[in-house]
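# Chains, contacts and geometry: an overview
Read off the chains here:
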Amino acid sequence: MSVGPSEPLILGIESSCDETAAAVVSGGLRILSNVVASQVEIHRKYGGVVPELASREHLRRIVPVVREAADQARIQLQELDAIAVTSGPGLIGALLVGVTYGKTLAQALHKPLIAVNHLEGHVHAVLLEAHAAGRDPRLPAVCLIVSGGHTILYEVRAHASNGARLFSYNRIGGTRDDAAGEAYDKVARMLALGYPGGPIIDRLAAHGNPSAVRFASAKMSGGNPHDFSFSGIKTAVLYHLRRNPHLQAEIERRQHALSHGERAADRLRALSSGETLDLIASFQRAVVESLVARTLAAAEELGIRTVLVSGGVAANSELRRSFETESGGRGIAVFFPSRALSTDNAAMIAAAGYARFLAGERSGVHLDPSANLPLA
Ligand code: KG4
Ligand code: ZN
């Protein structure tokens, strides 16, 4: 790796949803530490993120998480060149914790503060790892950000400015209703598979027949052809369960197991009939087909040969496989982050902040978080 010890050191701080995270990244691409304190155990019993609990937990974790990131990177905070913090979009109370702490730290250490859009962080999660591996995704790219909170397509371009590389983002489509990860979580809830739903559905789908249940592909009349819709697929699962009341008994058995803390994939699989595994596999196939087809169609229409995929759902094994298979013949190169950088983390915030740091961008003590911050 070409990064030397004199490269700028950026501390990233992320607290937009249910992960309190801090990371130290050198030269924009060497991760010295990447600490993530997940709150999943706290939100699990509610089947989703409870905003008040999230804020309270961020408050409890932010100081030790930042200290841990500095310790693991073997640096003193004084050695940092800048602090990059997620300023939105996300849960406002959760964002406030990171932004307030980031501002305070920057002020106390006399270091520049850089505001980072969480979605830009997801784009940089892919770029950071590709660059670190010596691969340089050719821009422009189409980036699919697909998580529990977002399903959006951006066109990503790079421009040179005063020797720095600036990025610009153009939103070309997005979900009209549920985010894909949200659909995974809701379907997992209907089927009593625990929370979050993505990883368990990913595991169980491998044991079912994805062609067993047919889901009519979401009909979206008019509007933007690059939009997604997942609420129809989710509702189709609900109707399927209503039409097949005999599946209720096993749902209750899994519910019982979950309430006793039994949520290992093998245990839940043993409590699932072949019919349910088929339903799970078919649901996943419908979601993955829609994500892959629409993303590649957008790239082709724009004449773009690079696709970046990021966000929690980017960890999905069928999504990765399907993008690989479908892109090959079309001459499109697809890049994914590692599973660790797919879900929310602060290394991606530090990497996005690094580009802005080089471009001379600075935020001050008046930086406010914004729940709906658009990426532009
Ligand atoms: O990016 P993330 O950590 O948080 C935000 O939502 O911003 O993503 C979490 C989402 C959840 O909905 C979870 O069910 C989904 O990502 N997820 C997956 C997988 N791993 C996590 N979905 C499908 N397959 C997976 N392997
Ligand atoms: Zn995210």
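In this report, the structure presented in the accompanying data block is examined. (Residues numbered from 1 in each chain as written. Chains lettered and ligands numbered in written order. Predicted model: local features only at pLDDT ≥ 70, side-chain atom pairs only at ≥ 80, totals over all residues. Heavy atoms only, no water.)

### A word on the sheet that holds strand E3 (residues 30-38)
Taken in spatial order, the five strands line up as E3-E2-E1-E4-E5 in an open sheet, and their pairing is mixed. Of all the strands in the sheet, just E3 and strand E5 (113-117) have a single pairing partner and so form its edges. Within the sheet, the average angular offset between the axes of one strand and its neighbour, ignoring direction, is 20°. Looking at chain direction, strand E4 (residues 82-88) and E5 are connected through five bridges and run parallel. Among the inter-strand pairings, Thr86 is bridged to a residue of E5, identified as Val116. Here helix H3 (residues 92-109) sits on the sheet in contact with strand E1 (9-14), E4 and E5, set at roughly 155° to E4. (Pairing = 2+ DSSP bridges. Helix = DSSP H or I, 4+ residues; strand = E, 2+ residues; numbered from the N terminus. Axes fitted to C-alpha atoms, helices over the stretch in contact; angles between N-to-C directions. Contact = heavy atoms within 4.5 Å.)

### Brief notes about the pairing of strand E8 (residues 164-174)
Pairing of strand E7 (residues 151-161) with E8, which is carried by 10 bridges, proceeds in the antiparallel orientation. Directly across from Ser161, in E8, lies its bridge partner Ala164. The turn linking E7 back onto E8 is made up of two residues, and Asn162 within it adopts a positive phi angle of 50°.

### Observations regarding the coordination of the zinc ion (ligand 2)
The zinc ion (ligand 2) binds to the protein through His118 (NE2), His122 (NE2) and Asp344 (OD), with metal-donor distances spanning 2.1 Å. What the four donor atoms of the zinc ion (ligand 2) show is an angle range of 91 to 144° at the metal, which sorts the shape as irregular. The sequence motif formed by the donor residues of the zinc ion (ligand 2) is H-x3-H-x221-D. Linking His122 in helix H4 (residues 118-132) with Asp344 in the loop between helix H12 (339-342) and helix H13 (347-358), this pair joins segments that are 222 residues apart in sequence. Considered together, His122 and Asp344 belong to a single accessibility category, that of buried residues. (Donors = N, O, S within 2.8 Å, 3.2 Å for Na, K, Ca; no water. Tetrahedral: all angles 85-135°; square planar, octahedral: opposite > 155°, others 65-115°. Buried < 20%, exposed > 50% of the residue type's maximum accessible area, 1.4 Å probe, protein only.)

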